[in-house]
Amino acid sequence: MRFRTFGVCLVFCGILAAAEKKKPGPVQGGNDVVDITASVMVDKEAVTQALGRDPGLDLIIVKVKMVPKGDNKVSVWRDDFTLLSGRDGQKSQPLEPSQIAGKGSLMVTSQGVRGSGGMMGNDRGPIWGGVPGTGSRPGRMGGNGGEAGNAAATAETKTTVQPGAAANEPDNPLLQVLKEKVLPEKETNDLDSGLLYFLLDGKPPKIKDLSLIYKNSGTRVILDFKP
């Protein structure tokens, strides 16, 4: 009886492990103008596989497919998308390929945005990286300020590239890959698809905590990446 119980436990644990490793499928949403399908990658292995090389940063990649409805034309702009982390309220807009693998150093900052219950502290200090795409991980400078308020407060993630590389330095090979795979910006009445690149402050979130928000022409579509 003891061995039978042990065997059942092993099978049950195996099922749980397989369920945890199973990647969530794409999520869908839309409005009167466009249908959107999106899937997200947060772990390093999936991101590296999607790009064909390690970006050297804890990137979050969202694969987006946009299908206009009827004869509608859709103006595709990457800035119409925002990634939201329900874990800590951080929001981030897509990075441009040159911000990830261009010449210079990448700086990521989280700024507190007032919510209904207070303000999330913005004194945690900026995060500085080495030259993007080289494998150098960002590190924080400054204090580790706390947070005040409640979950209604959000933190806006800002990403900028600080100059520093020589003008004659060759381009990072990753830059061309990112440009080829990024969601193209254009006006279209046909299917459009590509990748969006995001970076959030701190520990990479879990997929279930993420939502993709699309805002265009006064309309909004929210896609939750929950199992």
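All values derive from a computational prediction rather than experimental measurement.

Trainee: Which parts of the structure should I look at to understand the sheet that holds strand β2 (residues 34-41)?
Mentor: Paired through their backbone hydrogen bonds, the strands of a sheet run either parallel or antiparallel. An order of β1-β2-β3-β12 is seen for the four strands of this open sheet, with the pairing classed as antiparallel. The open sheet has two free edges, formed respectively by β1 (27-30) and β12 (192-198), since each of these has just one partner strand. Across this sheet, the average inter-strand angle for adjacent strands is 25 degrees, counted without regard to direction. Taken together, the four bridges between β1 and β2 define a ladder with antiparallel strand orientation. Opposite G30, over in β2, you have D35 as the bridge partner.

Trainee: Would you explain the packing of aromatic side chains in this entry?
Mentor: Two aromatic rings, taken as a pair, are described by how far apart their centres are and by the angle between their planes. For the structure on display, the rule yields one aromatic pair. Note on F81 and Y214: the rings are 4.9 Å apart at their centroids and 45 degrees apart in plane angle, and the pair reads as tilted. Of this pair, F81 sits in strand β5 (residues 81-85) while Y214 sits in strand β13 (residues 210-216), placing them 133 residues apart in sequence.

Trainee: Honestly, the confidence of the model for the protein chain in this entry has me stumped. Any pointers?
Mentor: Do not read the fine detail of predicted coordinates wherever pLDDT is low. Put simply, the protein chain has an average pLDDT of 75, and 60% of its residues get 70 or more. Here residues 15-20 scores under 50 on pLDDT; set against residues more than four positions off or in separate chains, the count is zero contacts. Every residue in residues 113-153 scores below 50 in pLDDT, and together they form 104 contacts with partners more than four places removed in sequence or on other chains.

Trainee: For this particular structure, what's the right way to read the pattern of salt bridges?
Mentor: A side chain with one charge can pair with a side chain of the opposite charge if their charged atoms come near. Inspection of every chain in the model, using the stated rule, returns seven salt bridges. Between R78 and E185 there is a salt bridge, with the nearest N and O atoms lying 4.0 Å from each other. Placement of the pair is R78 in the loop between β4 (74-76) and β5 and E185 in the loop between α4 (173-181) and β11 (186-188), with a sequence separation of 107 residues. On the accessibility criterion, R78 (10% relative accessible area) is buried. Residue E185 is classed as partly exposed on the basis of its relative accessible area, which comes to 35%. Look at the salt bridges and you will find they share partners, linking R78, E96 and E185 into a network.

Conventions adopted
Residues numbered from 1 in each chain as written. Predicted model: local features only at pLDDT ≥ 70, side-chain atom pairs only at ≥ 80, totals over all residues. Heavy atoms only, no water. Pairing = 2+ DSSP bridges. Helix = DSSP H or I, 4+ residues; strand = E, 2+ residues; numbered from the N terminus. Axes fitted to C-alpha atoms, helices over the stretch in contact; angles between N-to-C directions. Phe/Tyr/Trp six-rings, centres within 6.5 Å; stacked < 30°, edge-to-face > 60°. pLDDT = per-residue confidence, 0-100. Contact = heavy atoms within 4.5 Å. Salt bridge = Lys/Arg side-chain N within 4 Å of Asp/Glu carboxyl O. Buried < 20%, exposed > 50% of the residue type's maximum accessible area, 1.4 Å probe, protein only.

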